[in-house]
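Summary of the model geometry
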Amino acid sequence: MRENNHFFDAYIRMADAIYGIFNVNCEIVIHDITDVESSLIYLKGDVTGRSLGAPTTEFILKELKKKPEDIKDFNGIITNTTRGKIIKTSIVFIRNLSGEVIGFLGINLDITEMNRLHQVLGEMILPETNNSDQQFDESYATHIDEVFDQITKSTIVELGIDIDNLKRKDRIKFVRHLESKGMFLIQGSTDRIAELIGVSKQTIYNSLEEK
């Protein structure tokens, strides 16, 4: 049993209430991020194809690298999944008595079909005005390996590097970008990254520490 269960009780009741209103094309999730590899502890509906025990998403891992006071909720943002769905999402971070983020409530509404009819539905499918420029891609992985692969692949594309022929400066940039995205919150990621780029674990540590 997870140590923070009592903090999630009110959010579970909230999840049931929200799902009771929307239910169609809606999914409500609650994650306990004290274990990012198996953080999904409560689920109502099915939009992203995940099940209990699924890992934290790439977007959340990146947010967790911020200071607790800098982590803000997100309301009505648009995500594009690797499965081709367009999802309108709100995220409410859950904190303990010390103000530390221990989890989050996610509301996912599949607007793929509504988007195709946007001229009729109009403002209903648009993100809130203050979030209109916030869009990101999300894989909604069912296993932590998918999160690892998605972060590494997107970072390689983002930096435009040849992973098989990394120069020292590119290796440092690659490792630091992965760190900024929360990659090293995933257990065993240092070994996997070292194997991926053909260096030792110590080299990975050095890349993070070099000025």
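Here is what the cut-offs are and how they apply
- Residues numbered from 1 in each chain as written.
- Predicted model: local features only at pLDDT ≥ 70, side-chain atom pairs only at ≥ 80, totals over all residues.
- Heavy atoms only, no water.
- Helix = DSSP H or I, 4+ residues; strand = E, 2+ residues; numbered from the N terminus.
- Buried < 20%, exposed > 50% of the residue type's maximum accessible area, 1.4 Å probe, protein only.
- Polar contact = N/O pair within 3.5 Å; in protein donor to acceptor, adjacent residues only side chain to side chain.
- Contact = heavy atoms within 4.5 Å.
- pLDDT = per-residue confidence, 0-100.
- Core = buried A, V, L, I, M, F, W, Y, C linked by side-chain atoms within 4.5 Å.
- Phe/Tyr/Trp six-rings, centres within 6.5 Å; stacked < 30°, edge-to-face > 60°.
- Lys NZ or Arg CZ within 6 Å of the ring centre and 35° of its normal.

Tracing the sequence through the fold places T48 in the loop between β2 (40–45) and α2 (58–63). Accessibility expressed as a relative area gives 4% for T48, which makes it buried. In terms of polar contacts, T48 uses its side chain to reach the side chain of R50, at 2.7 Å. T48 has contacts with E27, R83, I87, N108 and Y140, leaving out every residue within four places of it along the chain.

To continue, consider the confidence of the model for the protein. Of the residues in the protein, 88% reach a pLDDT of 70 or more, and the chain-wide mean stands at 87. The secondary-structure element of the protein with the lowest mean pLDDT is helix α4 (residues 118–121), recorded at 56, while strand β1 (residues 26–32) shows the highest, at 96.

Next up on the list: the nonpolar core. With 29 residues, the main nonpolar core has I60 and F93 as its most contacted residues. Those elements that provide at least two residues to this core are α2, β3 (74–81), β4 (86–95), β5 (101–110), α5 (144–159), α6 (168–180) and α7 (189–197). In terms of residue count, the dominant contributor to this core is α5 (4 residues). Judged by nonpolar contacts, the second largest core, of 16 residues, contains F8, I18, I78 and I86.

What follows covers the packing of aromatic side chains. Under the criterion given, the structure shown has 2 aromatic pairs. Between F59 and F74, the aromatic rings sit 5.0 Å apart at their centres with planes inclined by 75 degrees, giving edge-to-face as the arrangement. Of this pair, F59 sits in helix α2 while F74 sits in strand β3, and the two are 15 residues apart along the sequence. As far as burial versus exposure is concerned, F59 and F74 are alike and both buried. The ring of F148 carries the charged tip of R192 above its face, separated from the ring centre by 3.9 Å.

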